[in-house]
Amino acid sequence: MDVESANPPMEAVVLSEESVPRRTLRKRVTTSKGSPLRFKPASVSAITARHGTTSEDNLKKKAYKQAFLQSAARAQSEREIRVRELKKRALAITSTGKTPATSRQRLVMQMVYDEITPYPDEAWVSQLGVIINREYHQVKNWFSNQRQKDARDSRQHTPQPAAPASLEASLCKITCDGRDLRLRTAALNSCRAEDWSDTFFDEVVMIYNFRLLAKHSQEEAMAALVESEPDVAIPS
């Protein structure tokens with residue numbers, strides 16, 4: 001037996017080993033049943049990070065909504081307390097019975113009737129009574145009588161009995177401090193519907209009343225001056 005054929009040279013052994021493909025074991029993730037998975041499932045932290053923003057936004061929206069409802073309920077409660085206090089003050093004013101309103105009181109109520117609303121609610125009647133110093137029911141009855149008077153005048157000029165409907169049609173419904181009101185178009189022309197509030201109404205009436213008081217004081221001062229010095233020329 002030939003020795004060279006029995007023991008091949010070292011170079012041939014090395015070449016033969018390199019020519020054979022090597023097989024390596026890859027780590028595979030398996031399920032409980034042993035089936036291989038081609039991808040690794042996302043971790044719980046990754047899923048939470050992906051959907052956490054939506055959950056947080058929903059929680060924030062709920063918190064904002066709850067805070068808004070609580071604030072609205074608190075504001076409504078405070079307004080009801082304020083209205084009760086105003087009405088109490090208006091009812092405490094000494095009633096003059098059937099004595100007509102003074103010219104200043106009548107002018108202020110007429111301004112509200114013609115330029116703001118012929119249907120002031122409980123809060124505005126109370127505010128008006130306190131400002132002009134007239135009892136609550138007297139102010140409320142004045143507006144009711146004025147509406148009836150306008151209805152009679154309208155029926156005399158128009159044959160169809162549609163005066164109340166025409167008055168309603170001329171008014172615009174708005175929401176003021178959480179309740180519905182009917183205002184004149186002139187009131188909405190001078191101020192936006194969303195800007196009307198109990199505070200704004202109070203300011204408008206107080207300013208108008210103050211101007212009438214100032215004018216009345218000036219007239220009284222001029223009359224007193226004329227009586228004391230008849231020869232003084234009165235400016236027109």
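To be clear, the structure that these remarks concern was listed above.
About the cut-offs
- Residues numbered from 1 in each chain as written.
- Predicted model: local features only at pLDDT ≥ 70, side-chain atom pairs only at ≥ 80, totals over all residues.
- Heavy atoms only, no water.
- Buried < 20%, exposed > 50% of the residue type's maximum accessible area, 1.4 Å probe, protein only.
- Helix = DSSP H or I, 4+ residues; strand = E, 2+ residues; numbered from the N terminus.
- Pairing = 2+ DSSP bridges.

A.B. asks: Could you clarify how one ought to interpret helix H5 (residues 122-132) in this entry?
C.D. replies: In an α-helix, one turn spans 3.6 residues, which is why side chains three or four residues apart end up on the same side. Judged by how many residues are buried, H5 sits mostly within the fold: nine of 11 residues are covered. Along H5, the residues that are buried comprise Ala123, Trp124, Val125, Ser126, Gln127, Leu128, Gly129, Ile131 and Ile132. Residue Asn133 follows H5 closely and has a positive phi angle near 60°.

A.B. asks: Would you explain unusual backbone geometry in this entry?
C.D. replies: Across residues other than glycine, the phi torsion is negative in most instances, and most of the peptide bonds are trans. Located in the positive-phi region is Asn133, a residue other than glycine, with phi close to 60°. Assignment of secondary structure puts Asn133 in the loop between H5 and helix H6 (136-157). On the accessibility criterion, Asn133 (51% relative accessible area) is exposed. You will see that Asp177, though not glycine, has its phi angle at about 50°, which is positive. Checked against the element boundaries, Asp177 lands in the loop between strand E3 (171-176) and strand E4 (179-184). Judged by its relative accessible area of 32%, Asp177 is partly exposed.

A.B. asks: Can you help me understand the pairing of E3 in this one?
C.D. replies: Consecutive side chains along a regular strand alternate between the two faces of the sheet. Across six bridges, the pairing between E3 and E4 is antiparallel. Bridge pairing links Cys172 to Leu183 in E4.

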